[in-house]
Amino acid sequence: MTSFRPRVRIPGPIPYTSWSPETGEVTNHWERLIARDVVRIVFFVPRDHFDIAAEVSHALDSYLRAVSAYPAALSQYTCCDWEPGELDDRGWEQIRATLNPKEQRYAEDYTRDEASQLLKDGADPYFGIHGTQDSGFSFEYHARVPWRQASPDRASVLRVTLPTEYLDERSASSVRELALELAARLPFASGHAGLALDVAYPRLGRLDTLRPLIFRHPGFDVRDAGIRDELGVKVDGVHWMNFLGEPMLGELGGAPGLRARLHSPSTDVHALDRERVLVTLGPEPEAGDTAHGQSLPAYRELARVLEPWQEPFPWDHLGNQGKAADEEEWRRWWRRFLD
């Protein structure tokens, strides 16, 4: 039986400011969704691009096979410093070239101009493949800036999304198989898969729009996992599928230690190998519904176990968006499985 999941489609328009020499600043509007429900799969990998390019290429091929029956999944792309554009043969050449590095270079080896752009982008390299607007399909990869003395807080990030329609049509088992295939070769420190909201920028500045939804349905993730968050070896919350690696897994006592601390009948602890474990909370992702007493107890149990490794919420983003007054509510949402 499929549990109830609300369909989230919050329409725009979304204002933005452009500038031209003739008219100066002009306010225009995008006609797109402010928020849309998706299934999101994310991995945080504390390695440099030249160490994991082959593994990311394998993950990309796995995603392409999974979405091959959906033409809307592949239409736009971005790649490094190239302008965004239609995904054509030239785009694929750029992406595949990115995944076939010819040399191993650290930030210390770049010229001043090269290093300036590298640090500005915050990633080396990056690319993204997106479906048609608001389709819910995307594959994004941002490699951390490589330093000889790597910061323990920096990780390369691989993130993909699927529309929830894919979950309905293909079943949760298909999503699980894809997540496992993406994870198969990645030396991740952590990762997850589950329900999320694709929210138009500024994400944390849209609390008024999201408030009725996210506090009632705690299974929806809102946080935007990215390269600049400096997650390191921490976890960014609790989700339907939770991939745990070293060093956190060792401190938890490995798969046996987790099994001893997790007692919910819907929780499954599966050892992928000696250094990686998958904790799955039920047969499919759940949104929950606090108005009807569906508080997701298995999620709450795992959250208590992982609390020492949960990252702090990126409050500085609120200040940057002029929404510091929302901090307390966002903090309450971030701890929704703990308090």
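Everything below is about the structure printed above this text.
### Re the overall build of the protein
Then step 1. For the protein, the count of helices and strands is 11 helices and 13 strands.
Then step 2. Of all 339 residues assigned to the protein, the portion counted as buried reaches 54%.
Then step 3. The contacts in the protein between residues at least 6 apart in sequence include a share of 72% that link residues at least 24 apart.
Then step 4. Split by element, the accessible area of the protein, about 16100 Å² in all, is 49% carbon and sulfur.

### Topic: a negative patch on the surface
Then step 1. Together, Glu86, Asp88, Asp89 and Glu93 make up a negatively charged patch on the protein surface.
Then step 2. Along the chain, Glu93 falls in helix H2 (residues 89-98).
Then step 3. The class of Glu93 is exposed, set by a relative accessible area of 57%.

### Looking at helix H1 (residues 49-66)
Then step 1. Taking 1.5 Å of rise per residue, 18 residues should cover 26 Å, and H1 covers 24 Å from first to last C-alpha, within 8% of that figure.
Then step 2. The largest bend in H1 comes to about 30°, at Glu55.

### Overview of the pairing of strand E11 (residues 241-245)
Taken residue by residue, a regular strand's side chains alternate between the two faces of the sheet.
Then step 1. Summarising burial for E11: 5 of the 5 residues are buried, a large majority.
Then step 2. Burial along E11 is two-sided: Met241, Phe243 and Gly245 and Asn242 and Leu244, pointing in opposite directions, are all buried.
Then step 3. Direction of pairing for strand E10 (residues 190-199) relative to E11: antiparallel, over a ladder of 4 bridges. Note on E11: the bridge partner recorded for Gly191 is Phe243.
Then step 4. For E11 and strand E13 (residues 276-281), the ladder comprises 5 bridges, and the chain directions are antiparallel. Bridge pairing in E13 places Gly245 opposite Arg276.

### Description of the environment of Val157
Then step 1. Along the chain, Val157 turns up in strand E9 (residues 156-163).
Then step 2. The spacing of Val157 and Ala143 is 14 residues in sequence and 6.3 Å in space, taken between C-alpha atoms.

### Regarding the packing of H1 against H2
Then step 1. Running from N to C, H1 and H2 point in directions that differ by 140°, and their axes come no closer than 9 Å. As far as their axial angle goes, H2 and H1 are oblique. Counting all contacts with H1, which are made through His49, Ser57, Leu60, Asp61 and Leu64, the residues of H2 involved are Trp92, Ile95, Arg96 and Thr98.
Then step 2. Its residues placed into classes, the contact of H1 with H2 shows 4 nonpolar, 3 polar and 2 charged.

### Looking at the pattern of salt bridges
Then step 1. All told, the structure shown has 23 salt bridges when counted by the stated rule.
Then step 2. One salt bridge connects Arg159 with Glu140, and the closest N-O pair in it is separated by 2.2 Å. Pair noted here: Arg159 is in strand E9 and Glu140 is in strand E8 (residues 138-142), with a separation of 19 residues, a long-range link. Each member of the pair, Arg159 as well as Glu140, carries the same accessibility label: buried.
Then step 3. For Asp208, the salt bridge goes to Arg211, with nearest N and O atoms at 3.3 Å.

Cut-offs and rules
- Residues numbered from 1 in each chain as written.
- Predicted model: local features only at pLDDT ≥ 70, side-chain atom pairs only at ≥ 80, totals over all residues.
- Heavy atoms only, no water.
- Helix = DSSP H or I, 4+ residues; strand = E, 2+ residues; numbered from the N terminus.
- Buried < 20%, exposed > 50% of the residue type's maximum accessible area, 1.4 Å probe, protein only.
- Contact = heavy atoms within 4.5 Å.
- Areas by Shrake-Rupley, 256 points an atom, 1.4 Å probe, with all protein chains shown as cover.
- Patch = residues over 30% accessible without salt bridge, like charges linked within 9 Å, V, L, I, M, F, W, Y side chains within 5 Å.
- Salt bridge = Lys/Arg side-chain N within 4 Å of Asp/Glu carboxyl O.
- Lys, Arg positive; Asp, Glu negative; His and termini not counted.
- Charge placed at Lys NZ, Arg CZ, Asp CG, Glu CD.
- Expected span 1.5 Å × (residues − 1).
- Bend = angle between axes of the 7 residues up to and from the residue.
- Pairing = 2+ DSSP bridges.
- Axes fitted to C-alpha atoms, helices over the stretch in contact; angles between N-to-C directions.
- Parallel < 35°, antiparallel > 145°, perpendicular 65-115°, else oblique.
- Nonpolar A, V, L, I, M, F, W, Y, C, P; charged D, E, K, R; others polar.

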